[in-house]
Amino acid sequence: MVAIRNIALVLVCGTLIVAGAGYWWAQKTLQQPLVMPAALMSTDEPALIEIPAGSHLRSVLQLLHEQGYLQGSVQHAYYALRVFTPSDSIQAGVYAIEPNSSLTQFWSQVTAGRAHLFQVTLIEGHTWSQWVEVLRRAPYLDHSLLEQSEANILSELGLAEYARLEGLLLPETYTYKAYTSATTVLRKAAAAMDTQLAELWANRDRDLPYATPYELLIMASIIEKETGIKAERDRVSSVFVNRLRLGMRLQSDPTTIYGIENFDGNLTRAHLRAETPYNTYRIPALPPTPIAMPSTASLVAAANPETTDYLYFVADGSGGHVFSRTLTEHNRAVNRYQRGIN
């Protein structure tokens, strides 16, 4: 009996030792950091790996091994995950492998569907055509919508009542997962602009010469293109509002340029005389649509301009502008800052 008890004790101890060794080995496998590519070793940037639809645990581990992230035996890693973190809920997508992240951490991302979030920044003051190029370069974004006509895109975004996309989308940085359609990103941008414009329209100065929120949006786009200095926008807005109230032409170069097909950068007298819907040297009103995607700052300036009696402004050569009340003052400023005549 004693011998039998001794044998049983040995077997139990041996089993515990093996189990303990197996647990230690499995935990070491699961907690060991995945290997980052050499190019990312000195940065904080994550590595990205695409998990195809229909993947399972073994195929994901094989993919990690083939791409150099997982060292050692795929089989060992497979058994360790099956025992200690069992899950068959694998969601396709592009996932980030952060520096020093372990196999367990990566696997929890994949099974929870915490795919990498990409970003695309749509810049204020740019036009729709410029945004199209940015969206086309955005990684893992479905660009198929961008191949359609502008009218079709407007309809797809619920904006069919407008003639152009210009100005209807809020400049911002938007996040998205891999395979997201550009439609989704643009709907977010349209909704954000709609919300902001409605709020500003409700809180605008009440004596502004705009009949609709869309006219305010047009004005904001002009302000956006006229100055890049945030502190000047309220004053630039006041100039254009004062001119509209007096029935004066806006005489804005950016609006005129927007109406020139294939503009080469040289605004000529012939351009200023041309009859186009956007030539505010010829039309005594706002142009028919915005001329760019305005920022929040320009929207605020259009809704609440500074109170002034300025009617003119000219670039001062340092990025800002000199404002004038009369044509005589303005001509002196033009001579000084544009022609170098004191």
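As a starting point, this report considers the structure included with it. (Residues numbered from 1 in each chain as written. Predicted model: local features only at pLDDT ≥ 70, side-chain atom pairs only at ≥ 80, totals over all residues. Heavy atoms only, no water.)

We now examine the overall build of the protein. Helix and strand counts for the protein come out as 13 helices and 6 strands. Counting the 342 residues in the protein, one finds 42% classified as buried. At a minimum sequence separation of 6, the contacts of the protein that also span at least 24 residues come to 63%. Of the roughly 18,200 Å² that the protein leaves accessible, carbon and sulfur atoms contribute 53%. (Helix = DSSP H or I, 4+ residues; strand = E, 2+ residues; numbered from the N terminus. Buried < 20%, exposed > 50% of the residue type's maximum accessible area, 1.4 Å probe, protein only. Contact = heavy atoms within 4.5 Å. Areas by Shrake-Rupley, 256 points an atom, 1.4 Å probe, with all protein chains shown as cover.)

What follows deals with unusual backbone geometry. Backbone geometry at Y140 places phi at a positive 60°, although glycine is not the residue there. Inspection of the secondary structure puts Y140 in the loop between α5 (128-137) and α6 (150-156). Positioned with a positive phi, Q251 is a non-glycine residue whose angle comes to about 50°. Position of Q251 among the secondary structure elements: in the loop between α9 (233-246) and α10 (253-258). In this structure Q251 comes out as partly exposed when scored by relative accessible area, which is 38%.

On to the pattern of salt bridges, then. Applying the stated rule across the entire model yields 8 salt bridges. When the shortest N-O distance is used, the salt bridge between E147 and R136 registers 3.6 Å. A residue pair is termed long-range when its members are at least 10 positions apart, and E147 in the loop between α5 and α6 and R136 in helix α5 qualify at 11 residues. A relative accessible area of 33% places R136 in the partly exposed class. A salt bridge links E224 to R233; the shortest N-O distance between them is 3.7 Å. The exposure classification of E224 matches that of R233, with both residues buried. Salt bridges sharing partners connect three or more residues here, namely E133, R136 and E147. (Salt bridge = Lys/Arg side-chain N within 4 Å of Asp/Glu carboxyl O.)

Two elements in contact, helix α8 (residues 213-226) and α9, have axes whose closest approach is 10 Å; the angle formed by their N-to-C orientations is 125°. Comparing the axis directions of α8 and α9 gives the class oblique. Relative to α9, the crossing made by α8 is right-handed. Contacts between α8 and α9 pair M219, I222, I223, E224 and E226 from the former with R233, V236, S237, F240, V241 and L244 from the latter. (Axes fitted to C-alpha atoms, helices over the stretch in contact; angles between N-to-C directions. Parallel < 35°, antiparallel > 145°, perpendicular 65-115°, else oblique. Left-handed = near helix turned anticlockwise from the far one by under 90°.)

Moving on: the pairing of strand β1 (residues 47-51). With burial as the criterion, only one face of β1 is covered, namely that bearing A47, I49 and I51; the residues L48 and E50 on the opposite face remain uncovered. For β1 and strand β2 (residues 93-97), the ladder comprises 5 bridges, and the chain directions are antiparallel. Following the sheet pairing, A47 is matched in β2 by I97. (Pairing = 2+ DSSP bridges.)

Within soluble globular proteins, side chains that are nonpolar generally end up buried alongside one another. Core analysis: the largest hydrophobic core is formed by 61 residues, its most contacted members being V120, W128, L169, Y210 and L299. Secondary structure elements with two or more residues in this core: β3 (118-121), α5, α6, β4 (173-176), α7 (182-202), α8, α9 and α12 (296-303). Top contributing element to this core by residue count: α7, with 9 residues. Non-local contacts of L299, meaning those with residues more than four positions away in its chain, are made with L170, M193, Q196, L197, L200, L216, L217, A220 and P294. Residues I49, L57, L81 and I97 belong to the second largest nonpolar core, which totals 24 residues. (Core = buried A, V, L, I, M, F, W, Y, C linked by side-chain atoms within 4.5 Å.)

What follows deals with the packing of α7 against α8. Between α7 and α8, the least distance of the axes is 10 Å, while the angle of their chain directions is 105°. Put simply, α7 runs roughly perpendicular to α8. Between α7 and α8, the contacting residues are M193, L197 and W201 on the first element and P213, L216 and L217 on the second. Tallied by class, the residues present in the contact of α7 with α8 amount to 6 nonpolar, no polar and no charged. (Nonpolar A, V, L, I, M, F, W, Y, C, P; charged D, E, K, R; others polar.)

Here we come to the packing of aromatic side chains. Under the counting rule described, the total for this entry stands at 10 aromatic pairs. Ring centres of F240 and F313 lie 5.6 Å apart, and the angle between their planes is 80°; this geometry places the pair in the edge-to-face category. Here F240, found in helix α9, pairs with F313, found in strand β5 (residues 312-315); they are 73 residues apart in sequence, far enough to count as distant. We note that F240, like F313, is buried. (Phe/Tyr/Trp six-rings, centres within 6.5 Å; stacked < 30°, edge-to-face > 60°.)

Turning to the layout of surface pockets, a few remarks are in order. In this model, the largest pocket occupies a volume close to 660 Å³. Counting only elements with at least two residues in the lining of the largest pocket, the list comes to α9, α10, α11 (269-273), β5 and α13 (327-337). Looking at the lining of the largest pocket element by element, the count peaks at 4 residues for β5. In the lining of the largest pocket, the residues fall into 12 nonpolar, 5 polar and 5 charged. Lining the second largest pocket we find 19 residues, and of these T127, S129, E166, Y258 and I291 sit closest to its centre. (1 Å grid on protein atoms, 1.4 Å probe; cavity = no way out; pocket = protein on both sides within 12 Å on 5 of 7 lines; lining within 4 Å. Points joined across faces, edges and corners; volume = space filled by probe spheres on them.)

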